[in-house]
Amino acid sequence: MLWIKAFHVIFMVSWFAGLFYLPRLFVYHCDVTDEAGHARFLIMERKLYGIMTIGMIGTWVFALTLLVMNPGYLHSGGWLHLKIALAVVLSGYHGWLKTVIRKFAAKANTRGHKFYRLINEVPAVLLIAIVILVIVKPF
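Residues numbered from 1 in each chain as written. Predicted model: local features only at pLDDT ≥ 70, side-chain atom pairs only at ≥ 80, totals over all residues. Heavy atoms only, no water.

### So, the nonpolar core
Item 1. Ranked by internal contacts, the top residues of the largest apolar core, which has 28 residues, are Leu 19, Leu 22, Phe 26, Met 52 and Leu 97.
Item 2. For this core, the secondary structure elements donating two or more residues are helix H1 (2-29), helix H2 (35-69), helix H3 (78-105), helix H4 (113-119) and helix H5 (122-136).
Item 3. The biggest single contributor to this core is H3, with nine residues.
Item 4. Residue contacts for Phe 26: discarding those within four places in its chain leaves Glu 45, Leu 97, Val 100, Ile 101, Phe 104 and Tyr 116. (Core = buried A, V, L, I, M, F, W, Y, C linked by side-chain atoms within 4.5 Å. Buried < 20%, exposed > 50% of the residue type's maximum accessible area, 1.4 Å probe, protein only. Helix = DSSP H or I, 4+ residues; strand = E, 2+ residues; numbered from the N terminus. Contact = heavy atoms within 4.5 Å.)

Here it is, written out as structure tokens:
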């Protein structure tokens, strides 16, 4: 059980690393005007997205494994249900980032660097909430 929890956390940390960095790449990509720079950012964004997708999948696989091995977890309180809901929201955010990559690739991005700086805070807020839920178990 502890090994599964450890791998859940390891994959979660790698997923969040990508979630924190990809919008930052978008911030810098907005300012690129040359074709070589544009192509370089597309490669970086695509590769990072692949790595963070592995992190997301691993996070979910080990989370579901924990639930299957210990179904009593689902009765441990509302904190777990909210944590799962926030993880679903985070997964949706992850998918939305892919649409942004596609817009940059098609040269159809209409948003500026300020928008991506703001969006970059979404995973930080969710991480804070999830960690508080898991450690404090407020309800």
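### A short note on H3
Counting along an α-helix, one turn takes 3.6 residues, and residues three or four places apart therefore face a common direction.
Item 1. When the terminal C-alpha atoms of H3 are compared, their 41 Å separation across 28 residues agrees well with the 40 Å that a helix rising 1.5 Å per residue should span.
Item 2. At the C-terminal side of H3, Lys 107 shows a positive phi close to 55°. (Expected span 1.5 Å × (residues − 1).)

### Quick notes on the packing of H3 against H5
Item 1. Direction vectors running N to C along H3 and H5 enclose 160°, while the axes themselves pass 9 Å from each other. Between H3 and H5, the interaxial angle falls into the category roughly antiparallel. Crossing geometry of H3 relative to H5 is assigned as left-handed. The residues of H5 that touch H3, namely those facing Trp 79, Leu 82, Lys 83, Leu 86, Ala 87, Val 89, Leu 90 and Tyr 93, are Val 122, Pro 123, Leu 126, Ala 129, Ile 130, Leu 133 and Val 134. (Axes fitted to C-alpha atoms, helices over the stretch in contact; angles between N-to-C directions. Parallel < 35°, antiparallel > 145°, perpendicular 65-115°, else oblique. Left-handed = near helix turned anticlockwise from the far one by under 90°.)

### Brief notes about the pattern of salt bridges
Where charged atoms from two side chains of opposite charge approach closely, those side chains can pair.
Item 1. Summed over all chains, the structure comprises one salt bridge.
Item 2. Its salt-bridge partner being Lys 107, residue Glu 35 comes within 2.6 Å of it at the nearest N-O pair. Placement of Glu 35 in helix H2 and of Lys 107 in the loop between H3 and H4 is noted, with a sequence separation of 72 residues between them.
Item 3. On the basis of relative accessibility, which here comes to 54%, the residue Lys 107 falls in the exposed class. (Salt bridge = Lys/Arg side-chain N within 4 Å of Asp/Glu carboxyl O.)

### Thoughts on the packing of aromatic side chains
Item 1. This structure, assessed with the given rule, holds 11 aromatic pairs.
Item 2. Relative to Phe 62, the ring of Phe 7 has its centre 5.6 Å away and its plane inclined at 20°; by these criteria the two rings are stacked. Of this pair, Phe 7 sits in helix H1 while Phe 62 sits in helix H2, and the two are 55 residues apart along the sequence.
Item 3. With a centroid separation of 5.8 Å and an interplanar angle of 40°, the aromatic rings of Phe 104 and Tyr 116 are classed as tilted. (Phe/Tyr/Trp six-rings, centres within 6.5 Å; stacked < 30°, edge-to-face > 60°.)

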